[in-house]
Amino acid sequence: MIHFGIIGAGDIARKFADAVRQLDNAEVIAVASKSLDRAQEWAAREHIPSYYGNYAELLANPRIDAVYIATTTNAHYDNILQCLQADKHVLCEKSLVRSAHEALTVCSLAKQKNLFLMEAMWTRFLPKTITAKQWIREGRIGKVKLMQATIGWKADPVYNRRLFDPALGGGSLYDLGIYPLEVLPYLVDEKILDMEAFVARHSTGVDDLVSMNLQLESCIANLQCSFTTKMPEDAYIYGEDGYIRLPKMHFGSRAELYNSADECIDSFDSGEENGFVYEVAEVVRCIENGLLESPICPHQMTIDAARITSEVLHLNP
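All chains use their own residue numbering, which begins from 1 and follows the written sequence. Local features are withheld for residues below a pLDDT of 70 in this predicted model, meaning they are given only at 70 or higher, and side-chain atom pairs are given and counted only at 80 or more; totals for whole chains, interfaces and linings count all residues. Note that water and hydrogens are dropped before the side-chain values are worked out from all heavy atoms of the structure.

S.K.: How should helix α6 (residues 127–137) be read in this particular structure?
M.R.: Residues spaced three or four apart along an α-helix face the same direction, because each turn holds 3.6 residues. We call a residue buried when its accessible area falls under 20% of the maximum for its residue type, exposed when it is over 50%, and partly exposed in between, using a 1.4 Å probe and counting protein chains only. Secondary structure follows DSSP: runs of H or I at least 4 residues long count as helices, runs of E at least 2 residues long count as strands, and numbering of each begins at the N terminus. When you tally the buried positions in α6, you get eight out of eleven residues, the bulk of the element. For α6, the full list of buried residues reads P127, K128, T129, T131, A132, K133, W135 and I136. G139 sits one or two residues past α6 and shows a positive phi near 75°.

Quick look at the structure:
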């Protein structure tokens, strides 16, 4: 039984807790927030036995094996270091950190301390993603030439305040664009060789709209993300003999396979479910088997993505 603690008592943490409850070999036993009242309320609602008003007290609990970090992006780096120094395995929400230097630092420390660390890119574990990857590997759309993905909506500036706040690590690329950036190369098992990007800024200074072109080893990928512009949240993988459509690419359950005549010749649908289950199951599997990183979401994925996001945002002030 792997015992989890949660840092950050928010909405995303509830989805994580629900996923853990669906596994037989994992359990959430504690939650911590900077507000003791918030932690107590959250723990009562989620039936978690222990709660704390600061992170250090949670990390001092010897029963906790691993920590799920669900804080805002700006806090991730310090939170990860704190957890690793306390000898806890870590699953941290995306984006894991905000620079390649920070990514290299936390990944290196995790290996030095013989601890598991993974960025919570849950989309890579979804059955529809695995299905699409298998279709590509089997050559069902021929040689892949181009991939495209858009992901955007109009965020509420009050409810989604963190997206608009640079101090909280806001912006569309860290929160939304990270999905296609880390999923599209995974589908074709290729590295990103080159990149160009265009950035539009919100009045608060964060990136509101980002458009990127990626040169992979044998194909091109382009992606757009925004939190003030509604866009289809779909991905397309185009091959010489057909294409694959992934509706709601970062969380949906469907994958569709089309031939060159635009005829849907195969489809997959796993149905409505909490997709976090697959990600959490992988974390538990890796910890139980002594793995320090997941082969599906390895450290290099995070390091590469952190390098690109920091380049895009720093070179496009």
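S.K.: Sorry, what's going on with the nonpolar core here?
M.R.: Across soluble globular proteins, nonpolar side chains show a tendency to be buried alongside one another. Core analysis: the largest hydrophobic core is formed by 80 residues, its most contacted members being F4, F16 and M212. Looking at this core element by element, the count peaks at ten residues for helix α8 (residues 172–188). Whether two residues are in contact is decided by their heavy atoms: any pair within 4.5 Å suffices. Those residues within four positions of F4 in sequence are excluded, and the remaining contacts are F16, V20, A26, E27, V28, I29, A30, I64, A66, V280, V283 and V284. Among buried residues, the Ala, Val, Leu, Ile, Met, Phe, Trp, Tyr and Cys ones that are joined through side-chain atoms within 4.5 Å form a nonpolar core. L59, I69, L96 and L109 belong to the second largest nonpolar core, which has 28 residues in total.

S.K.: Even after reading the chapter, I still don't get helix α2 (residues 36–46), so can you show me in this structure?
M.R.: Along α2, the positions that sit buried rather than exposed are A39, W42, A43 and E46. The buried residues of α2 occupy an angular sector of 100° when projected down its axis, which confines them to one face. Exposed and facing more than 90 degrees away from the buried side of α2 are D37, E41 and A44. Its buried side turned inward, α2 meets β1 (2–7), α1 (11–21), β2 (26–32) and β3 (50–52). Immediately beyond the C-terminal end of α2, within one or two residues, lies H47, with a positive phi of roughly 60°. As used here, the arc is the angular range of directions from the helix axis to the C-beta atoms.

S.K.: Explain the environment of A100 here, please?
M.R.: Locating A100 in the fold gives a position in helix α5 (residues 100–112). Taking the C-alpha atoms as reference points, A100 and D304, separated by 204 residues in sequence, lie 7.3 Å from one another. Dropping the residues within four chain positions of it, A100 is found in contact with I303, A306, R307 and S310.

S.K.: Any chance you could explain the state of the cysteines here in plain terms?
M.R.: A disulfide bridge is the covalent bond that connects two cysteines by way of their sulfur atoms. Criterion for a disulfide: a pair of cysteine sulfur atoms at a distance within 2.5 Å. Per the stated rule, a full pass over the model turns up zero disulfides. There is no disulfide at C83, and the cysteine sulfur nearest it, in C92, is 8.3 Å away. Taking the relative accessible area as the measure of exposure, C83 reaches 0% and is therefore buried.

S.K.: Explanation requested: the packing of α1 against helix α9 (residues 276–288) in the structure shown.
M.R.: Two measures define how a pair of helices packs: the angle their axes make with one another and the distance between the axes. Interhelical geometry of α1 versus α9 gives an angle of 65° and a closest axis separation of 9 Å. Between α1 and α9, the crossing angle belongs to the class labelled roughly perpendicular. Regarding α1 and α9, the two cross each other, and that crossing is right-handed. Along its contact with α1, which presents I12, K15, F16, A19 and V20, the element α9 presents F276, V277 and V280. Residues are sorted three ways: Asp, Glu, Lys and Arg are charged, Ala, Val, Leu, Ile, Met, Phe, Trp, Tyr, Cys and Pro are nonpolar, and all the rest, Gly among them, are polar. When the residues that make up the contact of α1 with α9 are grouped by side-chain class, the tally is seven nonpolar, no polar and one charged. The axes are straight lines fitted to the C-alpha atoms, using for helices just the contacting stretch, and the angles between their N-to-C directions are given from 0 to 180°. When describing relative orientation, an angle under 35 degrees is termed roughly parallel and one over 145 degrees roughly antiparallel, while 65 to 115 degrees is termed roughly perpendicular and anything else oblique. For any helix crossing, the convention is left-handed if the near helix is rotated counterclockwise from the far helix by under a right angle, and right-handed if that rotation is clockwise.

Honestly, it's all geometry; don't read function into it.
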